[in-house]
Amino acid sequence: LDPPPPPWPARATLRLVGVLYLLCKDSPERVRKYLVHYKAPFILKRLHKTENEHLQRLVLKLLKRQVRYLPRKWKQANMKSISAIYSTVQMSPLEDWLLNEPLGDMSLEGPSQAEIRAANVDYNAALLKQLGAASAGVDNSAAAEGEDGGAASSANPGAHDDRGRGLRPGGDQRTSGDEARRY
């Protein structure tokens, strides 16, 4: 006979901790910004006291990811948790999860969110410039015939421009790439 399944709150907690572990598994930046910043170790310590073994393992794995970024006082006060991590979670012989890491050392990580955002803005600006140049040939042929859109150009010249250029909320066109990066 199989034991009865755990009640739904326990299953929901297990799923949430599992998703949290998957999100933070390969991203030290997320561990630092979200788990350590929002004091997750205190919540995880309480979750470790549950009876579900699978939940306990996931909690210990999450704590192991965070220990590196926690202050020395926390480590000294929570030696039982650190011992439980050491005895329960499988580790490679060369793993240094207990050592402190300088907070400014991000050379081993991938690009930061700011770098990704800047690259995205540059890419979008280049794409919009390319789309604007491609549709400029179509607009020039329409202007030669005398058809330019009528009322939209008289009230607000940039409000209904569909050439792919970025428009600010007031309808003004962005004219240069530097100005596009500011927004």
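Note: the structure precedes this text.
Since the model is a prediction, treat every value here as computed from it, not as a measurement.

(A) Local environment of the overall build of the protein chain. Helix and strand counts for the protein chain come out as nine helices and zero strands. Listing each helix as α and each strand as β along the protein chain from the N terminus yields α-α-α-α-α-α-α-α-α. For the protein chain, buried positions account for 24% of its 183 residues. Sequence-distant contacts, at least 24 apart, represent 59% of the contacts inside the protein chain between residues at least 6 apart. On the protein chain, roughly 13,500 Å² of surface is accessible, and the fraction owed to carbon and sulfur atoms is 57%.

(B) Expanded view of the packing of helix α1 (residues 8-24) against helix α2 (residues 28-36). The geometry of α1 relative to α2 is characterised by a closest axis approach of 9 Å and an angle of 140 degrees between their N-to-C directions. Taken as axis vectors, α1 and α2 run oblique relative to one another. Every residue of α2 that contacts α1 at L20, L23 and C24 is listed here: R30, V31 and L35. Grouping the amino acids of the contact of α1 with α2 by side-chain chemistry returns five nonpolar, no polar and one charged.

(C) Inspection of the pattern of salt bridges at higher detail. Scanning all chains against the criterion turns up one salt bridge. Note that E29 and K33 form a salt bridge whose closest N and O atoms lie 3.1 Å from each other. Of this pair, E29 and K33 are both found in helix α2, four residues apart, which corresponds to roughly one turn of the helix.

Reading the values: the criteria
Residues numbered from 1 in each chain as written. Predicted model: local features only at pLDDT ≥ 70, side-chain atom pairs only at ≥ 80, totals over all residues. Heavy atoms only, no water. Helix = DSSP H or I, 4+ residues; strand = E, 2+ residues; numbered from the N terminus. Buried < 20%, exposed > 50% of the residue type's maximum accessible area, 1.4 Å probe, protein only. Contact = heavy atoms within 4.5 Å. Areas by Shrake-Rupley, 256 points an atom, 1.4 Å probe, with all protein chains shown as cover. Axes fitted to C-alpha atoms, helices over the stretch in contact; angles between N-to-C directions. Parallel < 35°, antiparallel > 145°, perpendicular 65-115°, else oblique. Nonpolar A, V, L, I, M, F, W, Y, C, P; charged D, E, K, R; others polar. Salt bridge = Lys/Arg side-chain N within 4 Å of Asp/Glu carboxyl O.

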